[in-house]
There are 2 protein chains.
Amino acid sequence: MTCAAENVPFTPGQARACTVREVLDRVGGKWSISILVSASHGPVRFTELERNVEGISRRMLTLTLRNLERDGLLHRTVYPTVPPKVEYTATPMALELYESLVALTSWAERHRRAIAEARTRYDAEHAG
Amino acid sequence: MTCAAENVPFTPGQARACTVREVLDRVGGKWSISILVSASHGPVRFTELERNVEGISRRMLTLTLRNLERDGLLHRTVYPTVPPKVEYTATPMALELYESLVALTSWAERHRRAIAEARTRYDAEHAG
DNA sequence: CCGTATCCATTAAGATACTG
DNA sequence: CAGTATCTTAATGGATACGG
């Protein structure tokens, strides 16, 4: 990502915002979090994820897994058996991320209703 | 967003992942965070944001502001003066979100180097 | 000053079929 | 079992011009 504020911060807040954006670029994909969460409870196999992560296609599962592996958030272990077996394990870094997602989750749970109401209100007010 | 796990949670972890996804859907846009951060230090005007948020276009600024307003994260005050003046203020809810983004920021700062290295390593290993 | 409208490029993601 | 390949659609964002 281009993160110019990182080099010449306009304000301290901007630099921080940019850092957060980097996280979101990594984790903001539609499926990344569900996968990370699944993997945070122990090694998971491909098919297992396919069942756990509701609605994901094979293609997106593969793509997301590759990206998470590339960023060092998941470790991929191939057992050269027949039939093949592949296990995905959350790295320590990913486990730390999971921890810090808890704050976000708690925020979302506290305010999900307020947000839904705000939306409804806004849409109603801007209908005419 | 369709969040089936919310109704019939497959695993507790899944339901949480879905909640986090809801936050990200709200805040995961390219510019949302920078704008929220700018607004968290006091009311800001449109043009001010246009200057603060580096690289943003007028169109995207407007769109993102509307979405944040719709979700109840920003409050929009129009002063019917000439020339017009509009101020955007972070709501208490948004200020709380800012707080919880700190955990994410700190994670990103701690691991940004490791992630970059992981990427380089991965790309090198998968070149041939 | 604070936007809207329109058009276009890029990317993310879904559907489906095939394979070591 | 664990993927790839190909095609298509939907969403996102940028450029530019115009308007109250």
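Nothing here was measured: the structure is a model prediction, and the numbers come from that model.

## Thoughts on the overall build of chain A
In terms of regular secondary structure, chain A is built from six helices and three strands. Listed by position from the N terminus, the elements making up chain A come as α-α-α-β-α-α-β-β-α. Restricting to contacts in chain A with at least 6 residues of sequence separation, those with at least 24 account for 41%. With the model as given, the accessible surface of chain A reaches about 6900 Å², and the carbon-plus-sulfur share is 54%.

## Re the sheet that holds strand S2 (residues 74–79) of chain B
Residue and element names in this part refer to chain B. Read across the open sheet, the three strands follow the order S1-S3-S2; overall the sheet is antiparallel. If you trace the sheet from one side to the other, it starts and ends with strand S1 (44–45) and S2, each paired once. The strands touched by helix H5 (residues 58–70) are S2 and strand S3 (85–90); relative to S2, the strand with the most contacts, the crossing angle is about 115 degrees.

## Overview of the protein's contact with DNA strand C
The local shell around DNA strand C holds 18 residues, among which Lys30(A), Arg59(A), Thr47(B), Thr62(B) and Arg76(B) are the closest. Here the atoms of DNA strand C within 4 Å of the protein split so that 59% fall in sugar or phosphate, with bases taking the remainder. Contact distances for DNA strand C include 3.2 Å between a phosphate oxygen and a side-chain N or O atom of Arg45(B). Within the contact set of DNA strand C, a phosphate oxygen lies 2.5 Å away from a side-chain nitrogen or oxygen of Arg76(B). Taken together, the elements giving at least two residues each to the surface near DNA strand C come down to helix H5 (58–70) of chain A together with helix H4 (46–52), H5 and S3 of chain B. Sort the elements by how many residues they give to the surface near DNA strand C and H5(B) lands first, with four residues. Looking at the surface near DNA strand C residue by residue, the classes come out as eight nonpolar, two polar and eight charged.

Reading the values: the criteria
- Residues numbered from 1 in each chain as written.
- Chains lettered and ligands numbered in written order.
- Predicted model: local features only at pLDDT ≥ 70, side-chain atom pairs only at ≥ 80, totals over all residues.
- Heavy atoms only, no water.
- Helix = DSSP H or I, 4+ residues; strand = E, 2+ residues; numbered from the N terminus.
- Contact = heavy atoms within 4.5 Å.
- Areas by Shrake-Rupley, 256 points an atom, 1.4 Å probe, with all protein chains shown as cover.
- Pairing = 2+ DSSP bridges.
- Axes fitted to C-alpha atoms, helices over the stretch in contact; angles between N-to-C directions.
- Near = heavy atom within 4 Å.
- Polar contact = N/O pair within 3.5 Å; in protein donor to acceptor, adjacent residues only side chain to side chain.
- Nonpolar A, V, L, I, M, F, W, Y, C, P; charged D, E, K, R; others polar.

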